[in-house]
Amino acid sequence: MKEARSRCPINLSLEIFGDRWTLLVLRDVVFGGARHFRELLGGEERISSNVLADRLATLVEHGLLTRAGDASHKQKVTYSLTERAIDLVPMLAQLSAWGVRHLPVADAYAARADVLNAGGPPLWEAFMDELRETHLGTRRGEVPDGPTVTERLDAAYAASATDRTE
């Protein structure tokens, strides 16, 4: 790791997240369920393969993702969130809420952000538990009754897409 410019917590965080692509890669893993290079490469923002490879390496280096071989295919790699990355869910939810309030956000993305915003910290914690189960094989809380947070986010996105086609 290179030497940080200062020990300020905002600076240190920006040393990792200070470019547009790093948070978008994390967004696609956290909210989109992407786990493989090709899935991440297919994002709407059209990241180049060399930039994606660099950002994935940075996220692994900083302990936000782990990298493991995929049992289904020898040349495929699976990326998983670490607890450090899962801890970013509240910040990502707040960043999304800010974007919805102040920027021309697409309806589908606003729908997901609205679910997170309406649910607040209790929903974020439940989502973080789902991510722990998926990526780490552990859970802190109990499995709630009813739809998962992921299912609620996907339903909001799908409903928004349906509204646009009618």
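Quantities reported herein were computed from a predicted structural model and do not represent experimental measurements.

Asks: Explain the side chain of Arg 132 to me, and be specific about the residues and the numbers.
Replies: Structurally, Arg 132 can be placed in helix α7 (residues 107-136). Of note is the side chain of Arg 132, whose polar atom sits 2.8 Å from the side chain of Glu 83. Within polar-contact distance, the side chain of Arg 132 engages the side chain of Asp 129 at 3.0 Å. Setting aside anything within four residues of it in sequence, one finds Arg 132 in contact with Glu 83, Ile 86, Glu 125, Gly 137, Thr 138 and Arg 140.

Asks: Let's hear about the pattern of salt bridges: which residues, and what values?
Replies: Per the stated rule, a full pass over the model turns up nine salt bridges. Its salt-bridge partner being Arg 55, residue Asp 19 comes within 2.9 Å of it at the nearest N-O pair. Taken together, the residues span a long stretch of sequence, with Asp 19 in the loop between α1 (9-17) and α2 (20-30) and Arg 55 in helix α4 (residues 49-61) at a distance of 36 residues. You can call Arg 55 buried: its relative accessible area is 16%. A salt bridge links Arg 112 to Asp 154; its shortest N-O distance comes to 3.8 Å. With a gap of 42 residues between them, Arg 112 in helix α7 and Asp 154 in helix α8 (residues 149-165) connect regions that are remote in the sequence. A residue is classified by how much of its surface remains accessible, and Arg 112, at 18% relative accessible area, is buried.

Asks: Which residues make up the layout of surface pockets, and what values do they have?
Replies: The volume enclosed by the largest pocket comes to roughly 910 Å³. Looking at the largest pocket, it is lined by 30 residues, and the ones nearest its centre are Leu 24, Arg 27, Glu 45, Ser 96 and Tyr 109. Counting residues per element, the lining of the largest pocket draws most heavily on helix α6 (residues 89-102), which supplies six residues. Here the residues of the lining of the largest pocket sort into 17 nonpolar, five polar and eight charged.

Rules used throughout
Residues numbered from 1 in each chain as written. Predicted model: local features only at pLDDT ≥ 70, side-chain atom pairs only at ≥ 80, totals over all residues. Heavy atoms only, no water. Helix = DSSP H or I, 4+ residues; strand = E, 2+ residues; numbered from the N terminus. Polar contact = N/O pair within 3.5 Å; in protein donor to acceptor, adjacent residues only side chain to side chain. Contact = heavy atoms within 4.5 Å. Salt bridge = Lys/Arg side-chain N within 4 Å of Asp/Glu carboxyl O. Buried < 20%, exposed > 50% of the residue type's maximum accessible area, 1.4 Å probe, protein only. 1 Å grid on protein atoms, 1.4 Å probe; cavity = no way out; pocket = protein on both sides within 12 Å on 5 of 7 lines; lining within 4 Å. Points joined across faces, edges and corners; volume = space filled by probe spheres on them. Nonpolar A, V, L, I, M, F, W, Y, C, P; charged D, E, K, R; others polar.

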